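A structural walkthrough
Chain by chain, the residues run as shown.
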Amino acid sequence: MPSSPEDITESTGPAESAESADPLHSLVLHTTDNGVSWITLNRPEAMNAVTWEQRERVIGLLAKASADPAVRAVVLTATGRGFCAGADLRGAPATGERVPGDVARTIRLGAQRLIAAVLDCEKPVIAAVNGTAAGIGAHLAFACDLVLAAESAKFIEVFVRRGLVPDGGGAYLLPRLIGPQRAKELMFFGDSLPAAEAERLGLVNRVVPDEELAATARAWAQRLAEGPTRSIALTKQLVNASMDADRSTAFAAEAMAQEINMTTQDANEGVASFIERRAPKYRGV
């Protein structure tokens, strides 16, 4: 849902794109650098409230990252004062008279698809939160595998302020990250959560000075891009699935993941480098 978060401060992030001449592509900047896919929301005048077009492009870029062996990590960030101020439905395709089921379908095919695209991406995804993340914007960050936040960043479960139910997987993600009581506190009150408090609760991996956010994200992404890509993908899958699995199912999945991983060149290189007492050179295959 559209939202207008309060108490927002200035912050900056990286924004480069060879596709920026295309008006549609300029809404989401994209570049690939040293195996890292940078996806940058670029509607700073709207605090990066995400439009239908932006959502579809981000979903598409995440799918391409999964399929492209040259991409080994993803960074999701934004320009201007906000990471993402929620969903901006003004840019959605026109529809006729609403009928029962329309709202559920819109959420299922919209916000939930976006969050699922992050969770299901086969490459590790880092959120570099440069400013306020509200509503679906907060959930977009929390769905990422690692979350870096600028000191000025804030997270707001804005839905209750508008009399709405959280969407975009919020009621699924937050209890798994911080427990049901903390999740309810954030969702019932809709208070602004500073980056430092989000880190304390476990929603953020690291808080850095605003001016260091891009460099830190680049350093983390480069480490991931130089790692064993398939191993990381399987690890991501195991961890995500474990939240909904019993022990026997999780153990069986772990054993199968290990079986699959041992067929990769990187696994063989990792073992060989250990035996030969040298640094491994992973290729992502």
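Described in the following lines is the structure provided in the data block. (Residues numbered from 1 in each chain as written. Predicted model: local features only at pLDDT ≥ 70, side-chain atom pairs only at ≥ 80, totals over all residues. Heavy atoms only, no water.)

**Points about helix 9 (residues 229-242)**
Applied cut-off: Secondary structure is summarised from DSSP: a helix means a run of H or I of at least four residues, a strand means a run of E of at least two, and numbering begins at the N terminus for each. In this analysis, the expected span of each helix is defined as 1.5 Å times one less than the number of residues it contains. For this analysis, residues touch if any pair of their heavy atoms sits within 4.5 Å.
The end-to-end C-alpha distance of helix 9, which contains 14 residues, comes to 20 Å, matching closely the 20 Å that a straight helix rising 1.5 Å per residue would cover. Contact partners of the buried residues in helix 9: helix 3 (111-120), strand 5 (125-129), helix 10 (247-261) and helix 11 (265-275).

**Describing the sheet that holds strand 10 (residues 206-208)**
Rules: By this definition, two strands are paired if DSSP reports at least two bridges between them. Axes here refer to lines fitted to C-alpha atoms; in helices the fit is confined to the stretch in contact. Angles between the N-to-C directions go from 0 to 180 degrees.
Across the sheet, six strands lie side by side as 1-2-3-5-7-10; this open sheet has mixed pairing. With partners counted over all chains shown, the strands left at the sheet margins are strand 1 (28-33) and strand 10, one partner each. Each strand axis lies, on average, 20° off the axis of its neighbour in the sheet, ignoring direction. In terms of strand pairing, strand 2 (residues 36-41) meets strand 3 (residues 73-78) through six bridges, oriented parallel. Within the sheet, the bridge partner assigned to Thr40 lies in strand 3 and is Thr77.

**Some remarks on empty space enclosed by the protein**
Note the cut-off: Here a cavity is any set of points on a 1 Å grid over the protein atoms alone where a 1.4 Å probe fits but cannot get out, and a pocket is any open set with protein on both sides within 12 Å along at least 5 of 7 lines; a residue lines the site when it has an atom within 4 Å of a point. Grid points are joined across faces, edges and corners, and a volume is the space filled by probe spheres set on the points.
A complete count under the given rule lists one cavity of 30 Å³ or more for this structure. Together, Ala138, Phe142, Phe155, Ile156, Glu157, Leu186, Asp191, Leu193 and Leu203 line the largest cavity.

**Observations concerning the nonpolar core**
Threshold: Put simply, a nonpolar core is a bunch of buried Ala, Val, Leu, Ile, Met, Phe, Trp, Tyr and Cys residues held in one set by side-chain atoms that sit within 4.5 Å of each other. Buried means the residue's accessible area, taken with a 1.4 Å probe over protein chains only, is under 20% of the maximum for its type, while exposed means over 50%, and partly exposed covers the values in between.
In this structure, Leu62, Phe83, Val129 and Phe155 are the most contacted members of the largest nonpolar core, which totals 49 residues. Not counting chain neighbours up to four residues away, the residues in contact with Leu62 comprise Ile39, Val74, Ala117, Val118, Cys121 and Val125. Counting residues in each nonpolar core, the second largest holds 15 residues, with Val36, Ala73, Leu148 and Ala225 among its members.

**Structural notes on a nonpolar patch on the surface**
The following threshold applies: Candidates for patches are residues over 30% relative accessible area with no salt bridge; among them, like charges are joined within 9 Å and nonpolar side chains (Val, Leu, Ile, Met, Phe, Trp, Tyr) within 5 Å. The Shrake-Rupley method, run with a 1.4 Å probe, gives the accessible areas here. Residue values count only the displayed protein chains as cover. Salt bridges, as used here, are contacts in which a Lys or Arg side-chain nitrogen is within 4 Å of a carboxyl oxygen on Asp or Glu.
Residues Met262, Val271, Phe274 and Ile275 make up a contiguous nonpolar surface patch of about 460 Å² in total accessible area. Secondary-structure assignment places Val271 in helix 11. When its relative accessible area of 44% is taken as the criterion, Val271 is described as partly exposed.

**Looking at the sheet that holds strand 6 (residues 132-134)**
The four strands are arranged 4-6-8-9 in an open sheet whose pairing can be described as mixed. In the strand order of this sheet, the two ends are held by strand 4 (82-84) and strand 9 (192-194), each with one partner. Strand-to-strand, the axes of this sheet are offset by a mean angle of 20°, without reference to chain direction. In this sheet, strand 6 lies alongside strand 4 in parallel orientation, the contact comprising two bridges. Bridging from a neighbouring strand, Cys84 pairs with Ala133 of strand 6.

**Re the packing of aromatic side chains**
Formally: Two rings from Phe, Tyr or Trp (for Trp, the six-membered ring) form a pair when their centres are within 6.5 Å of each other. A pair whose planes differ by under 30 degrees is stacked, one over 60 is edge-to-face, and the rest are tilted.
Counted according to the given criterion, the structure contains one aromatic pair. Here the aromatic rings of Phe142 and Phe155 are separated by 5.4 Å at their centres, their planes lie at 25°, and the arrangement is stacked. Of this pair, Phe142 sits in helix 4 (residues 136-142) while Phe155 is found in strand 8 (residues 154-156), placing the two residues 13 residues apart along the sequence. When its relative accessible area of 3% is taken as the criterion, Phe155 is described as buried.

**As for the pattern of salt bridges**
Two side chains that carry opposite charge are able to pair once their charged atoms sit near each other. Applying the stated criterion across every chain yields a total of 12 salt bridges. With a closest N to O distance of 2.8 Å, Arg113 and Glu56 form a salt bridge. Of the two residues, Arg113 is situated in helix 3 and Glu56 in helix 1 (residues 52-67); the sequence distance between them amounts to 57 residues. A residue is classified by how much of its surface remains accessible, and Arg113, at 30% relative accessible area, is partly exposed. A residue is classified by how much of its surface remains accessible, and Glu56, at 24% relative accessible area, is partly exposed. We note a salt bridge from Asp145 to Lys236, for which the minimum N-O separation is 3.0 Å. Of the two residues, Asp145 is situated in the loop between helix 4 and strand 7 (146-150) and Lys236 in helix 9; the sequence distance between them amounts to 91 residues. By relative accessible area, Asp145 is classed as partly exposed at 29%. The exposure class assigned to Lys236 is buried, which follows from its relative accessible area of 9%.

**Digging into the packing of helix 2 (residues 102-109) against helix 3**
Here is the rule: In this scheme, roughly parallel covers angles under 35 degrees and roughly antiparallel covers those over 145, while 65 to 115 is roughly perpendicular and the rest are oblique. All residues other than Ala, Val, Leu, Ile, Met, Phe, Trp, Tyr, Cys, Pro, Asp, Glu, Lys and Arg, Gly among them, are scored as polar; the first ten of these are nonpolar and the last four charged.
It is the contact of helix 2 with helix 3, at a shortest axis distance of 3 Å, that shows an interaxial angle of 20°. Here helix 2 lies roughly parallel to helix 3, going by the angle between them. Here Thr106, Ile107, Arg108 and Leu109 of helix 2 come into contact with helix 3, specifically with Ala111, Gln112 and Arg113. Among the residues forming the contact of helix 2 with helix 3, the class breakdown is three nonpolar, two polar and two charged.

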